[in-house]
Amino acid sequence: MKDDNRGIEYSSLCGSTTQEGRTARVEIFRLPGRTRWSLAVLSDDSPSIVWSTDFATDHEAYAEFCRRLEKEGMLSLLEL
C-alpha cells in the first residue's frame with residue numbers, strides 16, 4: 001500500500017497489537033527507491049522504536065517483531 005504524500009510503501013502486515021495491557025502499532029515500510037523493509041513500533045505514550053537493521057521482506061520484519069515480542073514482551077518495546 002503506497003502513501004501518496006511521501007511515496008512510502010506500507011506492508012499489509014502493519015497493524016495494532018495489544019499485550020500486557022499496552023497497545024502498539026507495528027509499521028513495516030519501504031522508503032522511496034529502496035528495496036528493503038524497515039520496522040518501527042509506535043505508541044501514543046512512548047517513544048517510537050525503529051530497528052537499525054532493515055529486512056529483505058516485510059515478512060522477515062514482522063517475524064523479528066513477533067520474536068522480540070514473544071521473547072521480551074510488550075513492555076520492553078514501550079519502555080521510556
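Predicted, not measured: the structure shown is a model, and the values here were computed from it.

Draft legend 1. Spatial organisation of helix H1 (residues 58–72). Over its 15 residues, H1 runs 21 Å from end to end, which matches the ideal 21 Å to within 8%, given 1.5 Å per residue. Considered for burial, the residues of H1 that qualify are Asp58, Ala61, Glu64, Phe65, Arg68 and Leu69. Along the long axis of H1, the arc covered by the buried residues comes to 130°, so they all point the same way. The exposed set on the far side of H1, more than 90 degrees from its buried face, consists of His59, Glu70 and Lys71. Of the surrounding elements, those touching the buried residues of H1 are strand E3 (15–19), strand E4 (22–30), strand E5 (38–43) and helix H2 (74–78).

Draft legend 2. Broad picture of the pattern of salt bridges. One pass over the structure, following the stated rule, counts five salt bridges. Among the ionic pairs, Glu9 bridges to Arg30, the shortest N-O distance being 3.0 Å. In this pair, Glu9 sits in strand E2 (residues 8–10) while Arg30 sits in strand E4, placing the two residues 21 residues apart along the sequence. Residue Asp54 pairs with Arg36 through a salt bridge whose shortest N-O separation is 2.9 Å. Here the residue Asp54 occupies a position in the loop between strand E6 (46–50) and H1, and Arg36 occupies one in the loop between E4 and E5, the gap between them amounting to 18 residues. The exposure class assigned to Arg36 is partly exposed, which follows from its relative accessible area of 37%.

Draft legend 3. Summary view of the nonpolar core. Residues Ile28, Leu39, Val41, Trp51 and Phe65 are the most contacted members of the largest nonpolar core, which totals 19 residues. Counting only elements with at least two residues in this core, the list comes to E2, E4, E5, H1 and H2. Take this core: its biggest share by element is four residues, from E4. Excluding residues within four positions of it along the chain, Val41 makes contact with Ala24, Arg25, Pro47, Ser48, Ile49, Trp51, Phe65 and Leu78.

Draft legend 4. Up close: unusual backbone geometry. Backbone geometry at Glu20 places phi at a positive 55°, although glycine is not the residue there. Examined against the element boundaries, Glu20 turns out to sit in the loop between E3 and E4.

Draft legend 5. Region of interest: the pairing of E4. The pairing of E2 with E4 spans two bridges and is classified as antiparallel. Counted as the bridge partner of Tyr10 is Phe29 from E4. Summarising the sheet, E4 and E5 pair through five bridges and their orientation is antiparallel. In the strand pairing of E5, Ile28 is matched with Leu39.

Draft legend 6. Representation of the side chain of Glu27 within the structure. Mapped onto the fold, Glu27 is located in strand E4. When residues no more than four places from it in sequence are discounted, the contact partners of Glu27 are Tyr10, Cys14, Ser38, Leu39, Ala40 and Leu42.

What counts and what doesn't
Residues numbered from 1 in each chain as written. Predicted model: local features only at pLDDT ≥ 70, side-chain atom pairs only at ≥ 80, totals over all residues. Heavy atoms only, no water. Helix = DSSP H or I, 4+ residues; strand = E, 2+ residues; numbered from the N terminus. Expected span 1.5 Å × (residues − 1). Buried < 20%, exposed > 50% of the residue type's maximum accessible area, 1.4 Å probe, protein only. Arc of directions from axis to C-beta. Contact = heavy atoms within 4.5 Å. Salt bridge = Lys/Arg side-chain N within 4 Å of Asp/Glu carboxyl O. Core = buried A, V, L, I, M, F, W, Y, C linked by side-chain atoms within 4.5 Å. Pairing = 2+ DSSP bridges.

Note that all results are geometric; they support no functional claim without further evidence.
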